[in-house]
Amino acid sequence: MSEPTKRGRPKVKNKMEQITFKLPPKMLKNLKDLSEKSYNPMNFHIRQAIAEYLDKNKKC
């Protein structure tokens, strides 16, 4: 008999932490539309936007 296949998400190298925030309905709709068009999840676009903002505004 073969081994059962593993279920769920694969383990990630970099641990992530979860936060919650609120968006205006129009911004959320725009984000959902962008995600559908780009085939990337919403959290990808949110992380990209935050990373760019932090790079732009880092204090050196």
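The preceding data block contains the structure.
Structure report, in brief. (Residues numbered from 1 in each chain as written. Predicted model: local features only at pLDDT ≥ 70, side-chain atom pairs only at ≥ 80, totals over all residues. Heavy atoms only, no water.)

### A few points about the overall build of the protein chain
Then comes step 1: Looking only at helices and strands, the protein chain features two helices and zero strands.
Then comes step 2: Taking 10 Å as the expected radius of gyration for a compact globule of 60 residues, we find that the protein chain reaches 17 Å, considerably beyond that expectation.
Then comes step 3: For the C-alpha atoms alone, the extent of the protein chain along its principal axes is close to 55 × 35 × 20 Å.
Then comes step 4: Out of the 60 residues in the protein chain, the part that is buried amounts to 5%. (Helix = DSSP H or I, 4+ residues; strand = E, 2+ residues; numbered from the N terminus. Rg over C-alpha atoms; globule rule 2.2 N^0.38 Å. Buried < 20%, exposed > 50% of the residue type's maximum accessible area, 1.4 Å probe, protein only.)

### Concerning the environment of D55
Then comes step 1: Tracing the sequence through the fold places D55 in helix α2 (residues 42–56).
Then comes step 2: What makes D55 exposed here is its relative accessible area of 53%.

### So, the packing of helix α1 (residues 25–38) against α2
Each pair of packed helices can be described by the angle between their axes along with the distance between the axes.
Then comes step 1: The geometry of α1 relative to α2 is characterised by a closest axis approach of 9 Å and an angle of 110° between their N-to-C directions. On the basis of their axis angle, the class for α1 and α2 is roughly perpendicular. Two secondary-structure elements touch here, α1 through L28, L31, K32, L34, S35 and S38 and α2 through M42, H45 and I46.
Then comes step 2: Residues that form the contact of α1 with α2 fall into these classes: five nonpolar, three polar and one charged. (Axes fitted to C-alpha atoms, helices over the stretch in contact; angles between N-to-C directions. Parallel < 35°, antiparallel > 145°, perpendicular 65-115°, else oblique. Contact = heavy atoms within 4.5 Å. Nonpolar A, V, L, I, M, F, W, Y, C, P; charged D, E, K, R; others polar.)

### Thoughts on unusual backbone geometry
Then comes step 1: Non-glycine residue Y39 carries a positive phi angle of around 65°.
Then comes step 2: By secondary structure assignment, the location of Y39 is in the loop between α1 and α2.

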